[in-house]
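# Observations on the three-dimensional arrangement
The chain contents come next:
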Amino acid sequence: MANDHPDLARRIAEVDRLIHEPARLVVVTILYTVKEADFLYLQRETGLTKGNLSSHLAKLEEAGYIHIEKTYRNKIPLTLCSLTELGRKAFTIYRDQLKHFIETELENS
Amino acid sequence: MKDDLKKIQTRTTQYWFSDGLYELAFGALCLVLALYLLAQALLPKGTLLYSILVISFVLVMLGSGFLLTRLMNVFKARLTYPRTGYIAYPSKPRRTRWISVLLGMCIGALMGFVVVRNLISISLLPLVTGLVFAFVMLLVGLRTGLLRFPLIGFIALVIGGALSLAGIGDSLGLSIFYGSLGLTFALSGACTLRSYLHSTATPQESSNGE
């Protein structure tokens, strides 16, 4: 389908792949809605293992999309995640691209 | 996929209400108000105690609200966050907060004006209060996607309507209204908390995080 529609292929390729990955998309969507969330909440919502989630969070942090703060609550280590301005902007662009893509393809079909 | 993103955002908004603690706190606040109005109904007007009661209304309500909010946060930290995680919601923009405060004051002033000028019978106060609550609960239900809030709003409307029909509209009527509403919120909160505790695991002693 993409071969028949080069413009479609181009637009699909433009989507931010870092955010587009399903687990990271859930993480970024949650963080977009809140000020900050802890590791436990993100793990429950994504259904990922600790190691898997840590890996995804590391990628997002490396890209500058999220900020990770390690602190303590009642002597128990706590990992807090929040979206940076860059991450917020990236998600907004991604969401608008997706919305435009879906609406355009629905119109064409 | 757009719908999935919306669902994730709605779930995140719902999380604040998932443990029922907010409803328990709000129910307690309604019960405080009910007790206050009952005291106002029972005390003879013109006495010193009555005057102190009237003057201290704002202090009592603000103090109770503050205390109950603190208690709710303490329970969330002990019960909810270790089980299912912690979220901090963004603060509402100052403009939105001021609009909410002004809107609340306008509604209060309008109701006060209507009562003082006898524009409507005082017996209709519980019905009008019930209508306002029902409207607010409907908005909360639409925003959170939680059906129990519009249901509580409907119950508030029924209680208000019943009291107005019975002609009990003064402080005693409002006391019964807020007492019933408080019990409704408390019951809803207790059921939600019970369901939450049953469906979530007790917190492990291992660390939260990587």
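Residues numbered from 1 in each chain as written. Chains lettered and ligands numbered in written order. Predicted model: local features only at pLDDT ≥ 70, side-chain atom pairs only at ≥ 80, totals over all residues. Heavy atoms only, no water.

### Observations concerning the overall build of chain A
When you go through chain A residue by residue, the secondary structure sums to six helices and three strands. Listing the helices and strands of chain A from first to last along the sequence gives α-α-α-β-α-α-β-β-α. When the 109 residues of chain A are sorted by exposure, 42% land in the buried category. The contacts in chain A between residues at least 6 apart in sequence include a share of 52% that link residues at least 24 apart. Total accessible area on chain A stands at roughly 6200 Å², and carbon and sulfur atoms take up 53% of it. (Helix = DSSP H or I, 4+ residues; strand = E, 2+ residues; numbered from the N terminus. Buried < 20%, exposed > 50% of the residue type's maximum accessible area, 1.4 Å probe, protein only. Contact = heavy atoms within 4.5 Å. Areas by Shrake-Rupley, 256 points an atom, 1.4 Å probe, with all protein chains shown as cover.)

### Looking at the interface of chain A and chain B
The partner chain B presents 25 residues to the 33 residues of chain A that form the contact. Taken over both partners, the interface formed by chain A and chain B buries close to 2600 Å², and the fraction arising from carbon and sulfur atoms is 59%. Our count for the contact surface shared by chain A and chain B stands at one salt bridge. In this structure, B:Arg11 engages A:Glu45 in a salt bridge whose closest nitrogen and oxygen atoms are separated by 2.8 Å. If you look at where chain A meets chain B, you find four residue pairs in polar contact (both at pLDDT 80 or more). Breaking the side of chain A that touches chain B down by element, the ones donating at least two residues are helix H3 (22–33), strand E1 (36–38), helix H4 (39–46), helix H5 (50–62), strand E2 (66–73), strand E3 (76–83) and helix H6 (85–108) of chain A. In terms of residue class, the side of chain A that touches chain B is made up of 18 nonpolar, five polar and ten charged. Relative to strand E1 (residues 87–88) of chain B, E1(A) runs antiparallel, the two sharing two bridges. (Buried area = accessible area lost by both parts, 1.4 Å probe. Salt bridge = Lys/Arg side-chain N within 4 Å of Asp/Glu carboxyl O. Polar contact = N/O pair within 3.5 Å; in protein donor to acceptor, adjacent residues only side chain to side chain. Nonpolar A, V, L, I, M, F, W, Y, C, P; charged D, E, K, R; others polar. Pairing = 2+ DSSP bridges.)

### A look at helix H6 (residues 125–144) of chain B
Residue and element names in this part refer to chain B. The terminal C-alpha atoms of H6, which comprises 20 residues, lie 28 Å apart, in line with the 28 Å expected from a rise of 1.5 Å per residue. Every buried residue belonging to H6 is among Leu125, Pro126, Thr129, Gly130, Phe133, Ala134, Met137, Gly141 and Thr144, and all of these are buried. Down the axis of H6, the sector holding all buried residues measures 160°, keeping them to one side. Facing away from the buried side of H6 by over 90 degrees, the exposed positions are Phe135, Leu142 and Arg143. Of the residues trailing H6, glycine 145 is marked for its positive phi of about 75°. (Expected span 1.5 Å × (residues − 1). Arc of directions from axis to C-beta.)

### A short note on the side chain of A:Thr46
Residue and element names in this part refer to chain A. Within the secondary structure, threonine 46 sits in helix H4. The exposure class assigned to threonine 46 is buried, which follows from its relative accessible area of 19%. Only 2.7 Å separates the side chain of threonine 46 from the backbone oxygen of leucine 42, close enough to count as a polar contact. A distance of 3.4 Å separates a polar side-chain atom of threonine 46 from the backbone oxygen of glutamine 43. Apart from residues lying up to four places away in sequence, threonine 46 is in contact with Ala23, Val26, Val27 and Leu53.

### Side note on the pairing of E3(A)
Residue and element names in this part refer to chain A. With six of its eight residues buried, E3 lies for the most part within the structure. Sheet topology note: the E1/E3 ladder contains two bridges and is antiparallel. Of the residues in E3, the one forming a bridge with alanine 37 is cysteine 81. Bridge analysis of E2 against E3 gives eight bridges, and the strand direction is antiparallel. Pairing of histidine 67 across the sheet is with serine 82, part of E3. Connecting the antiparallel pair E2 and E3 is a turn made up of two residues, with asparagine 74 showing a positive phi of about 50°.

### Digging into the side chain of A:Glu36
Looking at the secondary structure, you find A:Glu36 in strand E1. A:Lys35 provides the closest opposite charge to the buried, salt-bridge-free A:Glu36, at an N-O distance of 5.6 Å. Discounting chain neighbours no more than four positions away, the residues touching A:Glu36 are A:Leu80, A:Cys81, A:Ser82, B:Tyr86, B:Ile87 and B:Ala88. (Lys, Arg positive; Asp, Glu negative; His and termini not counted.)

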